[in-house]
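# Summary of structural features
Listed below are the residues making up each chain.
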Amino acid sequence: MNEDIRIHSWPCSYYLDTNKQWVSGRLSLTPVAIKFTADKTGELLVNFHLSSIGEIKKESSNLIFSSLTILEKNTKHWFSSLQPNRNVVFNILEHFWREQLLSSQGAGAEAAALQSTKGKELTGLLTGSQKRLEDTAKVLHYQGEQFDNIMKGLNKIEGDMDVADRLLTELESPSWWPFSSKLWKAPLETKPKETSTVSDSKNQEGIIIRIPVIITHRTDSNVKPGKLTLFASGLEISDCNSQVIHRFESKDVDDIRVHTPYEISVRQRFIGKPDTSYRLLSAKMPEAIPILEMQFSKKIQFLEDALGFVGARKSPQVDLGTSIWQAATGLLGGVAQPGSPVGGREGMDNDQVQLQKQEKVSQEEAKELKQILKKLKGLALEAEAELERQDEALDSITTSVDRATLNIDKQNRRIKKLT
């Protein structure tokens, strides 16, 4: 992820202590830092890491009204005249600051990253891919349950059609036909069972991911902290007390716009009344966007500022593609045969070969990588089997629907003749 990407910026004034005066400019937030740039000179007056912040407060005095202060190490930075208002800026900055401290990229993460080996990097990479496959399996499992419910519904329809066919046969038969009492006793017991099946699957539905978010409703200038929960059947927005603000079922979502890797908007359109729209900002949003893209592939739209995020995820360093498998097997092969170069030489330049020679993978890391690769293989096979099963179910559903359509047409013609 590009650490220089601008998540948000706000017009404001900054108190320059050296000149004892206020300077107009823009306060900017990136994934790891806070910056302030002066409007007149374009000079970068403030630039410090989020992990170096000790405190963010809303303050005021006789001379400074409605100000925001950020304590960075031993320096206190004053910001005033914040637009749209101080509360919005405070909630967003505090959210990213706290998430930065809680995440592995907080204070001390840079030093740890310098000491990480190629094996640790690859382990973290494959662990993320494993999590992605597990999330995919949850969605596929839910879709499989939906297909099963559809098949049950179609089977019930076919049963009802058989009953209707028998009833029409009796109506078409002469009045002296002896078989009349038995045909009218149709099995009507299966109706209430379908609703209970659907509700049971609803109650058993698991959470795919839950992240903290900053919520903006429609075009309101006020924001408030809350949570975004992704289910296989949709998404749910709740406040800090876990009270549901709004739940979108998958069919209710008309479009999802990815403004930046950290900000999305979800909308449901209505005719004759305002749309239901929520804008969600979160430091954890990059973890949720791939799941949203998988669930709402035809409804999600990446805007200009988020296109780089799509390219980064599809690169060999992030996506679970053949390059990762080749890199993993190559590194493991290098451990098994330390004397041989790691990976193949075909398609590599001299710098890459030299880099792979210098970076070793320990036996413990190789063992862990083998276990992760084994799990990934199992998950991939399960997902492939489920997809094949769903393809067969779709074929069966299509056949059943065609057959039911033909039967309905026949019965309509028979009813017209009777009337």
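Residues numbered from 1 in each chain as written. Predicted model: local features only at pLDDT ≥ 70, side-chain atom pairs only at ≥ 80, totals over all residues. Heavy atoms only, no water.

What follows deals with the sheet that holds strand 1 (residues 8-16). Across the sheet, seven strands lie side by side as 4-3-2-1-7-6-5; this open sheet has antiparallel pairing. Each of the sheet's edge strands pairs with one partner strand only, and the pair in question is strand 4 (44-49) and strand 5 (53-59). Strand after strand, the sheet turns through a mean of 30° between neighbouring axes, direction not considered. Here strand 6 (residues 67-72) runs beside strand 7 (residues 75-80); their pairing, made up of five bridges, is antiparallel. (Pairing = 2+ DSSP bridges. Helix = DSSP H or I, 4+ residues; strand = E, 2+ residues; numbered from the N terminus. Axes fitted to C-alpha atoms, helices over the stretch in contact; angles between N-to-C directions.)

Counting all residues, the mean pLDDT for the protein chain is 74, and 69% of those residues have values of 70 or more. Predicted confidence is poor over residues 188-204, with pLDDT under 50, and the contacts of this stretch with residues over four places away or in other chains come to 13 contacts. (pLDDT = per-residue confidence, 0-100. Contact = heavy atoms within 4.5 Å.)

Take a negative patch on the surface next. Taken together, the side chains of E384, E388, D391, E392 and D395 make up a negatively charged region of the molecular surface. Looking at the element boundaries, D391 is found in helix 9 (residues 363-418). Judged by its relative accessible area of 46%, D391 is partly exposed. (Patch = residues over 30% accessible without salt bridge, like charges linked within 9 Å, V, L, I, M, F, W, Y side chains within 5 Å. Areas by Shrake-Rupley, 256 points an atom, 1.4 Å probe, with all protein chains shown as cover. Salt bridge = Lys/Arg side-chain N within 4 Å of Asp/Glu carboxyl O. Lys, Arg positive; Asp, Glu negative; His and termini not counted. Charge placed at Lys NZ, Arg CZ, Asp CG, Glu CD. Buried < 20%, exposed > 50% of the residue type's maximum accessible area, 1.4 Å probe, protein only.)

The next point concerns the sheet that holds strand 13 (residues 263-268). Across the sheet, which stays open at both edges, the eight strands sit in the order 11-10-9-8-14-13-12-15 with mixed pairing between neighbours. Among the strands making up the open sheet, the edge pair consists of strand 11 (244-249) and strand 15 (300-302). Averaged over all pairs of adjacent strands, the angle between their axes in this sheet comes to 30°, without regard to strand direction. Pairing of strand 8 (residues 207-217) with strand 14 (residues 276-281) involves four bridges; the strand directions are antiparallel. The residue bridging I214 from the neighbouring strand is L281, located in strand 14. Across the sheet, helix 1 (residues 86-102) lies against strand 8 and strand 14, angled at about 155° from strand 8, the strand it touches most.

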